[in-house]
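So you can see what is in the structure, the chains are spelled out below.
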Amino acid sequence: MLKPRQSVTGIPVYHPPLAGREGLRLDFNENTVGCSPRVLEKLRTISSEQLARYPERGPVEARVADFLGISPSELLLTNGVDEAIHLLCQTYLDSGDEALIVVPTYSMYRIYASAAGASVVSVPYADGFRFDADAVQSRITERTRFVAIANPNNPTGTVASLGDLLKIAHSAPQAAVLIDEAYFEFYGKTMLEARREASNIFVARTFSKVYGLAGLRVGVLIGHAEQMKAVRLVSSPYNVNAVALAFLPEAVSDQSYIDQYVKEALECRSRLEGALQAGGVHFWPSQANFVLMRVGSSADEAVRFVEAMRRRGILVRDRSSDHGCLGCVRITVGPREHADRLLHALQETLEELGLVQGALRR
Ligand SMILES: Cc1ncc(COP(=O)(O)O)c(C=O)c1O
């Protein structure tokens, strides 16, 4: 048998539970109803000629750049934010460099940084999953070449201030600082402008969450035009497929669909948080389309909760193995039609497991 590179053998296995996802999908922070109908209509117009050709990214990049109010030279469409992370690691990390992450957070930062041969330095969030800029700054060294911060963060739903993020970028001018804004639409604050004050900042956005296109795999990486030249050297010219490219202009055009979805998801989030508070269930107030809550003090209790919700037709995600998340589950919020189902199932589950301390407010 071949021996993988040493940096690969040390990578922890990451197997998100994708199998058997029957029911209401509140486990992956996706759009729970799907994409805009206008995007779907486009599907019928795809021709065999479009599929026969290698996909041309340029014109769609220009459209997305226009939508974001930036120049096409500052942007790269990617195969999801995952590819954006991978490309940054390939572009900037050498073996022996350090990659700084703030945990708990999205798993792929660690995986791609480790695969590039970097050593991963994990800084924990402070009490209440508060972003501790001083703690992060204190771990920056001259070997720090990559910093990844999700804002809002997954799985906690908490945020870092734009000022703190800028401070960190200024403290690590030798590092690519990725601000992963996968959940931007639910939060509304972005580093897109502030990034101009530090050329080492990159911002990532995705079409997998609010846009309802996780299956297409499209993301955007934004950065200083000079830095993006280097990232493009590593990227395949055909990294985003023709179907995804055909859909994207329609997806960004239908902003009323996005606005309505966000409005209802935020209503659902505040109903869920209100219900948890009334029931005495500990949770962390979220700025994203999910809420992290503690349903017990052991991994078994989180598993029991996830199973009880599944019996009621609702998929939620066990986060017990994440740093500081023992006994925690994460629930994605969605539009009105799903909020009622969620709150009903939640009430029954908490009662069944003897977790509820007061009546849940719907
Ligand atoms: C913070 C964060 N970044 C990136 C991703 C993945 O995005 P994409 O589907 O665009 O690869 C996720 C998905 O859960 C996420 O939570």
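Residues numbered from 1 in each chain as written. Predicted model: local features only at pLDDT ≥ 70, side-chain atom pairs only at ≥ 80, totals over all residues. Heavy atoms only, no water.

Undergrad: Give a detailed account of the site of the ligand, specifying residues and quantitative values.
TA: Around the ligand, a shell composed of 14 residues is seen, among which Val81, Asp180, Tyr183, Thr206 and Ser208 lie nearest. One nitrogen or oxygen atom from the main chain of valine 81 is found 2.7 Å from an oxygen atom belonging to the ligand. Separating an oxygen atom of the ligand from a side-chain N or O atom of serine 208 is a distance of 2.6 Å. When the free accessible area of the ligand is taken as 410 Å², the share hidden by the protein chains comes to 92%. Counting residues per element, the shell around the ligand draws most heavily on helix α5 (residues 80–92), at three residues. Of the residues assigned to the shell around the ligand, the class counts are six nonpolar, four polar and four charged. (Near = heavy atom within 4 Å. Polar contact = N/O pair within 3.5 Å; in protein donor to acceptor, adjacent residues only side chain to side chain. Areas by Shrake-Rupley, 256 points an atom, 1.4 Å probe, with all protein chains shown as cover. Helix = DSSP H or I, 4+ residues; strand = E, 2+ residues; numbered from the N terminus. Nonpolar A, V, L, I, M, F, W, Y, C, P; charged D, E, K, R; others polar.)

Undergrad: Kindly report on the environment of cysteine 325, identifying the contributing residues and their values.
TA: As for its placement among the helices and strands, cysteine 325 is situated in the loop between β12 (317–318) and β13 (328–332). Cysteine 325 sits in the buried class, given a relative accessible area of 0%. For the pair formed by cysteine 325 and tyrosine 187, sequence separation is 138 residues and the distance between their alpha carbons is 22 Å. Other than its neighbours up to four places away in sequence, cysteine 325 contacts Pro104, Phe129, Pro155, Leu292, Arg294, Arg319 and Ser320. (Buried < 20%, exposed > 50% of the residue type's maximum accessible area, 1.4 Å probe, protein only. Contact = heavy atoms within 4.5 Å.)

Undergrad: How would you summarise the sheet that holds strand β7 (residues 201–206) if you had to cite specific residues and measurements?
TA: Here we have seven strands laid out as an open sheet, ordered β2-β8-β7-β6-β5-β3-β4, and mixed in their pairing. Pairing within the sheet leaves two strands with one partner each, and these edge strands are β2 (75–78) and β4 (119–124). The average angle at which neighbouring strand axes cross in this sheet is 20°, direction not considered. Alignment of strand β5 (residues 144–150) against strand β6 (residues 176–180), held across five bridges, turns out to be parallel. Note on β6: the bridge partner recorded for phenylalanine 146 is alanine 176. Against the sheet, helix α8 (residues 162–171) engages β5, β6 and β7, with an angle of about 170° to β5. (Pairing = 2+ DSSP bridges. Axes fitted to C-alpha atoms, helices over the stretch in contact; angles between N-to-C directions.)

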